[in-house]
Amino acid sequence: MNYQLIIIGGGPAGYTAAETAGKAGLSVLLIEKQNLGGVCLNEGCIPTKTLLYSAKTYDGAKQASKYAVSASEVSFDLPKMIARKTKVVRKLVLGVKAKLTANNVTIVTGEAQIIDKNHVRCADETYTCENLILCTGSETFVPPIPGVETVNYWTHREALTSKELPESLIVVGGGVIGMEFASFFNSLGVAVTVIEMMDEILGGMDRELSGLLRADYAKRGIKFLLSTKVTAMAQTTDGTLPGDTVQGVEVSYEHAEGTGSVTAQQLLMSVGRRPVTKGYGLENLHLQLTERGHIKVNEQMQSSVPGVYVCGDLTGFSLLAHTAVREAEVAVHAILEKDDAMSYRAIPGVVYTNPEIAGVGQTEESLQAKGIAYRVVKLPMAYSGRFVAENEGVNGVCKVLFAETDDRVLGAHVLGNPASEIITLATMAIEMEMTAAAWKKIVFPHPTVSEIFRETL
């Protein structure tokens, strides 16, 4: 069968490309080996945020007295949380399928095998295409730590489906995924230890705000081992856990002060993710790679092979769903010969802990490394009346970075709820290369937490 466009992978990049192309009238085939929505919708972004909202609601109920509300005997039901998460995911997957069907996208479930740039096989059928978009996403990376193969560890997938809470949890990796799960389990009363090889959690985010978030969670009982390398893992039933028959995990480590070990009932591996490049014939395309081994693409997301486009995690630019969505739009616009180009100037990043932390554009660290002169305006979130009204006894920080030469907005970073919702305002300012004076001309509704940005201008 012949198609104008074949897309491999049905995650945010894949289904966005399919919908955009189908809406434009192209004949489109989307091949997905598992579930529409990919990792993000089925076992990543959406399910984690669903569970985190339950934990946030539980936290709020326990602290209701701060707002003159009585809520006695507050409790939670983990199996029901998991059931609700499953219901939310199912509903959204059906929504994605409905949108694709409405735009005449043909969906095939199975493993794709690339023959060449114009031919793709799935099951016993070979399909022909004029253009090919690769959106195969990423997978959990588990480093070859001695003993890891003998340990019953969790990845994000198991952590999202377990209906029983461990009494204690070790999280290896203090990045976004690790900290979100640490936040969730800490809220539900689990004793959490985070081991991070870097000297601060959330590498890539604003260092100062990351440190403030870590300090906040340390007060809530999370133990952090920073600048710490995991050297070995082993299953244990040595009685260091409640009851000799309870299996646990012992994690050995080393840092500047020497060696040590920590034991917990459960282990969560959250070191990072890597693009999926094997198992579907990618090597048959002979695509040019970057120095870091990622597929090289231009501003239109086109690879070194004409007619082959690459979007999402496979590009290695940004393993974020919202980046993938925009890349997919750009790729389809290139196929349609519409003028468009991908910009990475303002890609927001969010960590959905409680409080949230969000940032976009440059950080102080990145500007210093590049030798770019800047000025920083840093304000407590208490400058926003709405924040004070809704966050009794809670601190937060907003930091905005401006170019010293022309006062353009270069970066913005927020610690405090709802950072995820207001960061878009800064994203737009950075992408549009607005100066402080131009941004200040925008009318902000009052009272809103977003007004904190206006206070920095």
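Everything here concerns the structure above.
Computed from a predicted model, the values in this text were never measured in an experiment. Position labels on residues start from 1 in each chain and follow its written sequence. For this predicted model, a pLDDT threshold of at least 70 governs which residues receive local features, and a threshold of 80 or more governs which side-chain atom pairs are given and counted, while totals over whole chains, interfaces and linings are taken from all residues. As a convention, hydrogens and water are excluded, and side-chain values are obtained from all of the structure's heavy atoms.

Caption draft 1: Layout of the packing of helix H3 (residues 45-62) against helix H6 (residues 176-187). Simply put, an axis is a line fit to the C-alpha atoms, just over the touching stretch for a helix, and the angle between two N-to-C directions goes from 0 to 180 degrees. The helix count covers DSSP runs of H or I at least four residues long, the strand count covers runs of E at least two residues long, and both are numbered beginning at the N terminus. Running from N to C, H3 and H6 point in directions that differ by 40 degrees, and their axes come no closer than 9 Å. Judged by the angle between their axes, H3 and H6 are oblique. As for the relative orientation of H3 and H6, their crossing is left-handed in sense. Contact with H3, carried on its side by Thr48, Lys49, Leu51, Leu52, Ala55, Tyr58, Asp59 and Lys62, involves Glu180, Phe181, Ser183, Phe184 and Ser187 of H6 and no other residues of that element. For the contact of H3 with H6, a count of residues per class yields six nonpolar, three polar and four charged. Note on terminology: angles under 35 degrees are roughly parallel, angles over 145 are roughly antiparallel, angles of 65 to 115 are roughly perpendicular, and the others are oblique. When the near helix sits turned anticlockwise from the far one by under a right angle, the crossing is termed left-handed; a clockwise turn instead gives a right-handed crossing. By definition, residues are in contact when any of their heavy atoms lie within 4.5 Å. Amino acids outside the nonpolar list (Ala, Val, Leu, Ile, Met, Phe, Trp, Tyr, Cys, Pro) and the charged list (Asp, Glu, Lys, Arg) are all regarded as polar, and Gly is one of them.

Caption draft 2: Looking closely at helix H4 (residues 78-102). Counted at 1.5 Å a residue, the expected span for H4 with its 25 residues is 36 Å, and the 36 Å between its end C-alpha atoms agrees. If you check which residues of H4 are buried, you get Leu78, Met81, Ile82, Lys85, Val89, Val93, Val96 and Leu100. Just downstream of H4, Asn104 is the residue with a positive phi angle, here 60 degrees. Every helix has an expected span of 1.5 Å times one less than the residues it contains. For the exposure calls, accessible area comes from a 1.4 Å probe over protein chains only, and a residue counts as buried if that area is under 20% of its type's maximum, exposed if over 50%, partly exposed in between.

Caption draft 3: Quick look at the pairing of strand E9 (residues 191-195). Within E9, four of the five residues are buried, which leaves it mostly tucked inside the rest of the structure. Pairing between strand E8 (residues 168-172) and E9: five bridges, direction parallel. Of the residues in E9, the one forming a bridge with Leu169 is Val192. Seen with the strands pointing away from the viewer, any crossover whose path from the first strand over the helix to the second strand runs clockwise is right-handed. In the classification by handedness, the crossover that spans E8, the intervening H6 and the parallel E9 is right-handed. Pairing between two strands is assigned when DSSP locates at least 2 bridges connecting them. Direction of pairing for E9 relative to strand E10 (residues 223-225): parallel, over a ladder of three bridges. Looking at E10, one finds that Val194 is bridged to Phe224. In this view, the connection linking E9 to its parallel neighbour E10 by way of helix H7 (residues 207-219) has right-handed handedness.

Caption draft 4: A look at the side chain of Asp340. Looking at the element boundaries, Asp340 is found in the loop between helix H8 (321-335) and strand E17 (349-351). Classification of Asp340 as buried rests on a relative accessible area of 16%. Polar contact is the term for a pair of N or O atoms within 3.5 Å; when the atoms are in protein, one must be able to donate a hydrogen and the other to accept it, and sequence-neighboring residues count only if both atoms are side-chain atoms. Side-chain polar atoms of Asp340 contact the side chain of His333, separated by 2.7 Å. Beyond its immediate chain neighbours, meaning those up to four positions away, Asp340 contacts Gln300, Arg326, Val330 and His333.

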